[in-house]
Amino acid sequence: MKSPVRFMKATTALKQILNLFQLNALRKRNADSILAVFRLKLPSNRRSSTKPARTLTRQRRTVNKCGSSTINQTNMSYKAFLSHSKVSKEDQEFYDLKNKAAEYYRSNGVPQKIENVLNEMFWQKPDDIYGYLANYFSRLSDTPVISKIIGREVFDGRGLTAIQTQVYCIIRNEEKVVCSAMMSGPSDGLEEDGVAESGEEFTNSNQQRLSITAALKWIREHLSPMLQGFNPTDQTSVDKLLSDFFMARYLEHKDSLNIDKEDELRIESVSEAPPQATPIPAPTKDKKGSDKGKKGNSTEKLLPPAETPLPQLPGATAVGVVSLAVAKTAAILLGEPLYRHITSVRVPQALSEMHLPVPMITILSCGKNSVGKLNLLEEVILMPSSSQRVREVIGMGFELQCEMKRVLNGSAYKAGPICLTEDGALQVGFERPEQALDLITEACANLALPLGSDLRLAINCAAHSLMDYSRGKYEVMSGCHKSHDELVDIYEGLINKYPAITFLIDPFRKEDVDQWDRLASVIGQSCCLIADAASNLCPRWSEVKPLPPGVTRVIIRHHSDMTISDLIRSIAEQKDAETMLAAGSGDASIVDLAVGSGVSFLKLGGLRGGERMDKYNRLLAIEEELEQEGILGAREKKQPLSDLSETLNSGSGCDSVTIST
């Protein structure tokens, strides 16, 4: 097949290009286009039948008064060409083909762009000529669009099944894989197989498997075709499509559940079924105790039933992982870090400075999974001040953990075996909470760390997992159950004895509203209450419920069914609050999300394990980048704890929010 464009011999073309460069560049005159040497001409090696074609153009050289030359070509019209001599049908077709090619290139501005880049490249004289040309024309290419999304089942750092998605885009007429993202299923952050608060048995492995299988089907059959042709940099449009799709699947799932429930009720009504089951209230002996009018039993009344957990929609993980993968793809295509892209989605205008979240390091765990009797201290978290750099904080955390292990090896503490949790923290078996807090205090004193000033402690009580519903009390230690009032006294005693404790996370269930209020009135001036599992942060389709009274900070989690826009919106809804983000299992993208979304605290877990340390290293790298660019800003000093009582009494709401995956 004949080519529509033929060029001159290489030697002749090179000479004419050099001549034109001398005319255009050196004499700085507007001569004819450099591409004049490539103007279409019929081949010169044809026989007698093509002789008229070789005389199709005539060149005339003129010299102006300044001595500069121009090449003028006078093209004969097509009719004149036909009337000049007999031309074969093959030559006529070839001539028409060349004219179509010339018109195609002229209509797309190709000659002008080539002329511009040749002139620019002559003056700049780059070492990599073809690299310069490639960069020039890549800027003129069409915007990359999504061609397909592929999902596969993988394993996360805990050995649980997760989803990894790869985003393919059409880039300069070629389909290429741009990036991938990984996210665990809906059981991320839940307890092991057992009994939920409502008393129902659950198996996370089965739930995980069902969700992963459904998510892969969603990606393959629905999301990939729906997102084909989308611009990955338009995060808002992509997330809206994902949210609308998820809402439609949720409504379908809800309708099917309602139909199943109606069928069950119909069957029960036929077989004299008992009334519809409701959460079991507290035992009757508690109710009798409240009737006696004793002051100490003022809270010994009906135990508020646990709220029915929101149903997990199988396949919901596809929404979160696809949204994250598209965001990472956009950042790569734009040539910028992911945190900058997230920032641009949140705040379109450029920011003069950026702030890093303060890392929260889990240094000790004495919860239900530990060997000892103590259950109350699920996590002991190191809270540095905002003025300390990330490298300094990580260094102090490492030194503290090493010193704690050295102290434990002595004879002063009768602790169980030392283990590591999945979150990378030391797990030690103690009998009483004072033993764990004495260990930390001694280790900090040995290292001369400023515990209580620049370093503070947060205690994650995870009270929702300690409730014994058969007794209506919290099992703070194995075989030791405490009522709500007794638990308030325990918290008050610990805070008075250890002033470094300035944060309590989930000291009660979210249903125990009266106890939250009483605890806040007792310790609110010296300690902040943080809601994690008790935060009541609901999905997009549910009504947002109020926080427990006295809560001054909230932990927001990046759930698997949340898009990037959902996460940003959840943070923005906490208008007067700082924000915290707790990272779960997954890649280091959660750090970029924390920086880009502007959160105040980032809960990354302990300083052990490759997956955890990847997140710490990513935060350290971002800090270095912002320092080099001179846009790393210092956070304003927050309200002192002694003034928090005024905030609580004024009812201004949360003072802080934590984000967690």
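Residue indices follow the written sequence of each chain, beginning from 1 at its first position. Side-chain atom pairs in this predicted model are given and counted only at pLDDT of 80 or more, local residue features only at pLDDT of at least 70, and totals for whole chains, interfaces and linings cover all residues. Hydrogens and water molecules were not included; the side-chain quantities draw on all heavy atoms of the structure.

**Thoughts on the confidence of the model for the chain**
Per-residue confidence from the prediction method is given by pLDDT, with values spanning 0 to 100. Across the chain, the average pLDDT comes to 76, with 71% of residues at 70 or higher. When mean pLDDT is compared element by element in the chain, helix α10 (residues 317-334) scores highest at 94, while helix α19 (residues 644-650) scores lowest at 38. Residue contacts follow a heavy-atom distance rule, with two residues in contact if any of their heavy atoms lie within 4.5 Å. Every residue in residues 1-11 scores below 50 in pLDDT, and together they form 19 contacts with partners more than four places removed in sequence or on other chains. Predicted confidence is poor over residues 187-202, with pLDDT under 50, and the contacts of this stretch with residues over four places away or in other chains come to 31 contacts. Going along the chain from the N terminus, every DSSP run of H or I of four or more residues is numbered as a helix, and every run of E of two or more is numbered as a strand.

**A short note on the pairing of strand β3 (residues 145-155)**
Sheet analysis places β3 next to strand β4 (residues 161-171), joined by 10 bridges and oriented antiparallel. Opposite isoleucine 146, over in β4, you have cysteine 169 as the bridge partner. DSSP-based pairing: two strands are paired if at least 2 bridges between them are found. Taking the residues that link successive antiparallel strands as the turn, the β3-β4 hairpin has five residues, and the phi of glycine 159 there is positive, at about 85°.

**Re the packing of aromatic side chains**
For Phe, Tyr and Trp, rings pair up if their centres lie within 6.5 Å, where Trp contributes its six-membered ring, and each pair is then called stacked (planes under 30 degrees apart), edge-to-face (over 60) or tilted (otherwise). One pass over the full model with this rule turns up seven aromatic pairs. Relative to phenylalanine 137, the ring of tyrosine 136 has its centre 5.2 Å away and its plane inclined at 90°; by these criteria the two rings are edge-to-face. For tyrosine 136, a relative accessible area of 12% translates into the label buried. Residue classification places phenylalanine 137 among the partly exposed residues on the basis of a relative accessible area of 37%. When the ring of tyrosine 491 is compared with that of phenylalanine 508, the centres are 5.9 Å apart and the planes differ by 85°; the resulting orientation is edge-to-face. Of this pair, tyrosine 491 sits in helix α14 (residues 484-497) while phenylalanine 508 sits in the loop between β16 (501-505) and α15 (513-523), placing them 17 residues apart in sequence. Residue class for tyrosine 491 comes out buried when judged on its relative accessible area of 2%. Overall, the relative accessible area of 1% leaves phenylalanine 508 in the buried class. Three or more aromatic residues joined by ring pairs make a cluster, and in this case those are Trp218, Phe245 and Phe246. Partly exposed describes any residue whose relative accessible area lies between the buried limit of under 20% and the exposed limit of over 50%, with all areas from a 1.4 Å probe on protein chains only and scaled to the type maximum.

**Brief notes about the nonpolar core**
As used here, the term nonpolar core means buried Ala, Val, Leu, Ile, Met, Phe, Trp, Tyr and Cys residues forming a set that is joined through side-chain atoms within 4.5 Å. In this structure, Val322, Ile363, Leu364, Phe430, Leu457, Ile501 and Leu504 are the most contacted members of the largest nonpolar core, which totals 120 residues. Here this core gets nine residues from one element, more than from any other, and that element is α10. Excluding anything up to four places from it in sequence, valine 322 contacts Ile149, Thr165, Ile219, Leu223, Leu227 and Leu242. Formed by 13 residues, the second largest nonpolar core is a distinct cluster that contains Ala458, Phe503, Cys528 and Met580.

**Notes on the pattern of salt bridges**
Put simply, a salt bridge is a Lys or Arg side-chain nitrogen that is within 4 Å of an Asp or Glu carboxyl oxygen. Summed over all chains, the structure comprises 22 salt bridges. Notably, a salt bridge pairs lysine 328 with aspartate 587, separated by 3.4 Å at the nearest N-O pair. On the criterion of sequence distance, the pair formed by lysine 328 in helix α10 and aspartate 587 in the loop between β19 (578-582) and α17 (589-597) is long-range, its members being 259 residues apart. By relative accessible area, which is 17% here, lysine 328 ends up buried. Overall, aspartate 587 belongs to the partly exposed group, its relative accessible area being 25%. Two residues, arginine 471 and aspartate 468, come together in a salt bridge whose shortest N-O distance is 3.6 Å. A relative accessible area of 18% means that aspartate 468 is categorised as buried.

**What about the sheet that holds strand β15 (residues 480-482)?**
Within the open sheet, the three strands sit side by side as β13-β14-β15. Their pairing is antiparallel. Every interior strand has two partners, whereas the edge strands, β13 (467-468) and β15, have only one. Note: strand β14 (residues 473-477) against β15, three bridges, orientation antiparallel. Across the sheet, residue tyrosine 474 finds its bridge partner in β15, namely lysine 482. Contacts from α14 reach β13, β14 and β15, with the element oriented near 100° to β15. With axes taken as lines fitted to C-alpha atoms, and helix axes fitted only over the stretch in contact, angles between N-to-C directions fall between 0 and 180 degrees.

**Let's talk about the side chain of aspartate 512**
Structurally, the position occupied by aspartate 512 is in the loop between β16 and α15. Taking relative accessible area as the criterion, aspartate 512 reaches 0% and is therefore assigned buried. The term polar contact refers here to a pair of N or O atoms within 3.5 Å; inside protein, the definition further demands a hydrogen-donor-capable atom paired with an acceptor-capable atom, and it admits residues adjacent in sequence only when both atoms are side-chain atoms. A distance of 2.3 Å separates the side chain of aspartate 512 from the side chain of tyrosine 474, its partner in a polar contact.

**Thoughts on the packing of α10 against helix α11 (residues 338-346)**
At a minimum axis distance of 9 Å, the contact between α10 and α11 shows a crossing angle of 105°. Taken together, the axis directions place α10 and α11 in an arrangement best described as roughly perpendicular. Residues Ala327, Lys328, Ala330, Ala331 and Leu334 of α10 form the contact with α11, whose participating residues are Leu338, His341 and Ile342. Orientation categories follow fixed angle ranges, with anything under 35 degrees roughly parallel, anything over 145 roughly antiparallel, 65 to 115 roughly perpendicular, and all other angles oblique.

**So, the state of the cysteines**
We call a pair of cysteine sulfur atoms a disulfide when they lie within 2.5 Å. Applying the stated criterion across every chain yields a total of zero disulfides. Cysteine cysteine 461 is unpaired, with the sulfur of cysteine 527 as its nearest cysteine sulfur at 8.9 Å. With relative accessibility at 1%, the residue cysteine 461 sits in the buried group.

**Quick look at the pairing of β14**
Summarising the sheet, β13 and β14 pair through two bridges and their orientation is antiparallel. Looking at β14, one finds that methionine 467 is bridged to tyrosine 474. Counting the residues in the hairpin turn of β13 and β14 gives four residues, including glycine 472, whose phi is positive at 75°. Counting the residues in the hairpin turn of β14 and β15 gives two residues, including glycine 479, whose phi is positive at 80°.

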